[in-house]
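Residue-level structural notes
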Amino acid sequence: MPQHPRYAIYFVPSAQNALYRFGADLLGYDAYSGKPLPFADGIETEIEGWRKLTVDPRKYGFHATLKAPINLRSGKTGDELARAMREFARTPRAIPLIVPVVRAIGNFIAVVPRDPCPDLQQLAAECVTAFDDFRAPLTPEDRERRNISALTDGQVMHLDRWGYPYVFEDFRFHMTLTGSLPSEQRTVVLNILQKRFAALNLQSVSVDRLALLRQSDATSNFTILSDWPLVAA
């Protein structure tokens with residue numbers, strides 16, 4: 001099992017944002033308060049086994065990963081990481097703007113950008129590099145858990161250098177709504193979630209903030225410690 005506590009750097013919409021409420025209600029968890037939420041109205045009736053299908057994403061809260069969960073390097077503290085993130089957020093930059101859609105990614109479903117967004121790829125890349133001094137080295141056990149045989153050579157290089165395989169050219173922005181779905185259920189669930197998402201009528205989403213989250217032990221969910229708006233160039 002991974003060591004704890006773990007910290008993660010995510011994009012999480014503001015607590016009252018319509019996109020956040022949509023995702024948090026579907027997952028049944030509010031990462032801001034660290035408390036369970038009632039599931040979105042009717043979802044457990046529409047989709048059989050919804051609680052079980054969302055066990056994995058519920059642990060992380062509704063988010064998009066910018067730097068995957070890490071253990072802190074010896075001598076580093078969570079307060080120091082928070083200060084570094086605050087300064088990073090104050091640096092003027094292009095604020096990514098995406099058109100959000102709900103799609104299947106492999107065997108799970110997520111909110112993703114409709115189109116490629118270079119500003120978003122740049123933000124994610126900067127988060128990977130800017131905070132890497134806080135990351136404890138990957139242990140051999142952590143490396144083995146990554147199922148190396150399923151990764152490309154480039155992803156293995158990323159894993160060994162940055163502690164996570166899906167960075168830079170392999171980064172795909174996504175806000176997860178389900179865990180792994182059986183193939184026979186995937187299309188039905190996708191159609192239901194797309195219909196619910198369409199009702200929000202979200203024309204665009206600004207990826208305009210960073211959140212620092214912490215998981216205290218293997219049985220706990222990630223909770224938001226602090227978040228900061230990004231400053232537009």
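I will try to describe carefully the structure that is included in this document. What you are looking at is a predicted structure, and each value in this text was computed from that prediction instead of being measured. (Residues numbered from 1 in each chain as written. Predicted model: local features only at pLDDT ≥ 70, side-chain atom pairs only at ≥ 80, totals over all residues. Heavy atoms only, no water.)

1. Notes on the pattern of salt bridges
Enumeration according to the criterion identifies 12 salt bridges in this entry. With a shortest N-O distance of 2.8 Å, aspartate 115 and arginine 114 are connected by a salt bridge. With relative accessibility at 38%, the residue aspartate 115 sits in the partly exposed group. Exposure remark for arginine 114: the relative accessible area of 43% places this residue in the partly exposed category. Across the pair arginine 161 and aspartate 132 runs a salt bridge whose closest N-O atoms are separated by 3.2 Å. With arginine 161 in helix α8 (residues 153-162) and aspartate 132 in the loop between α6 (118-130) and α7 (140-145), this residue pair connects regions lying 29 residues apart in the sequence. With relative accessibility at 45%, the residue arginine 161 sits in the partly exposed group. (Salt bridge = Lys/Arg side-chain N within 4 Å of Asp/Glu carboxyl O. Buried < 20%, exposed > 50% of the residue type's maximum accessible area, 1.4 Å probe, protein only. Helix = DSSP H or I, 4+ residues; strand = E, 2+ residues; numbered from the N terminus.)

2. A word on the nonpolar core
In terms of nonpolar packing, the biggest core is built from 61 residues, with Ile43, Trp50, Leu66, Leu81, Phe173, Leu177 and Leu193 touching the most fellow members. No other element matches helix α1 (residues 18-27), which puts six residues into this core. The residues contacting isoleucine 43, other than those within four sequence positions of it, are Leu26, Trp50, Ile192, Leu193 and Arg196. Among the nonpolar cores identified, the runner-up in size contains five residues, and Val128, Trp162, Tyr164 and Val167 belong to it. (Core = buried A, V, L, I, M, F, W, Y, C linked by side-chain atoms within 4.5 Å. Contact = heavy atoms within 4.5 Å.)

3. Concerning the side chain of threonine 65
One can find threonine 65 in strand β4 (residues 64-70). Ignoring any residue separated from it by four or fewer positions in sequence, one finds threonine 65 in contact with Ile9, Tyr10, Phe171 and His174.

4. Points about the packing of aromatic side chains
In total, this model carries eight aromatic pairs according to the counting rule given. Between tyrosine 60 and phenylalanine 222 the ring centres are 5.3 Å apart and the planes differ by 20 degrees, which places this aromatic pair in the stacked class. Highlighted residues: tyrosine 60 in helix α4 (residues 55-60) and phenylalanine 222 in the loop between β10 (209-215) and β11 (223-229), separated in sequence by 162 residues. Look at phenylalanine 88 and phenylalanine 131: their rings are 5.1 Å apart centre to centre, the planes differ by 55 degrees, and that puts the pair in the tilted class. Pair noted here: phenylalanine 88 is in helix α5 (residues 78-90) and phenylalanine 131 is in the loop between α6 and α7, with a separation of 43 residues, a long-range link. For the pair phenylalanine 88 and phenylalanine 131, a shared accessibility class is recorded, and that class is buried. (Phe/Tyr/Trp six-rings, centres within 6.5 Å; stacked < 30°, edge-to-face > 60°.)

5. Some remarks on the environment of leucine 177
Structurally, leucine 177 can be placed in the loop between β8 (175-176) and α9 (183-198). Residue class for leucine 177 comes out buried when judged on its relative accessible area of 0%. Remark: the alpha-carbon pair of leucine 177 and proline 116, spanning 61 residues in sequence, is separated by 20 Å.

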